[in-house]
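# Coordinate inspection notes
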Amino acid sequence: MSERAAPFYCPYCGDEDLRPNPEGHGAWECAACNRAFQLKFLGLLSRGLQRNDGGGEQI
Ligand SMILES: [Zn+2]
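As a further point, take the overall build of the chain. Along the chain, the regular secondary structure elements total zero helices and three strands. Shown N-terminal to C-terminal, the secondary structure of the chain runs as helices and strands in the order β-β-β. Within the chain, buried positions represent 2% of all 59 residues. Considering only contacts within the chain whose residues lie at least 6 apart along the sequence, 8% involve residues at least 24 apart.

Pasting the structure below:
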């Protein structure tokens with residue numbers, strides 16, 4: 001898994017005109033709505049990848 005994640009759409013306006021922001025890693029700016037935002041990978045979920053399709057299970 002790469003460190004950098006590139007967004008395909010702006011999370012605020014949905015536009016695709018995103019450019020990397022020189023402020024830091026994972027920082028992007030949207031040319032459409034003029035917002036700057038940052039993506040951060042928080043880590044894997046503790047519950048893993050297993051699916052729980054049954055209802056009423058404990059979390
Ligand atoms: Zn935008």
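Turning next to unusual backbone geometry. Non-glycine residue Asn34 carries a positive phi angle of around 65 degrees. Within the secondary structure layout, Asn34 lies in the loop between β2 (27-30) and β3 (36-38). With 9 C-beta atoms packed within 10 Å, Asn34 lands in the exposed category.

A separate point is the sheet that holds β3. The antiparallel open sheet is built from three strands, whose spatial order is β1-β2-β3. One side of each edge strand has no neighbouring strand; the edge strands of this open sheet are β1 (18-20) and β3. Each strand axis lies, on average, 30 degrees off the axis of its neighbour in the sheet, ignoring direction. Relative to β3, β2 runs antiparallel, the two sharing three bridges.

Calculation criteria
Residues numbered from 1 in each chain as written. Predicted model: local features only at pLDDT ≥ 70, side-chain atom pairs only at ≥ 80, totals over all residues. Helix = DSSP H or I, 4+ residues; strand = E, 2+ residues; numbered from the N terminus. Buried ≥ 20, exposed ≤ 12 C-beta atoms within 10 Å, placed from the backbone. Contact = placed C-beta atoms within 7 Å. Pairing = 2+ DSSP bridges. Axes fitted to C-alpha atoms, helices over the stretch in contact; angles between N-to-C directions.

None of the figures reported here should be taken as evidence of function without further support.
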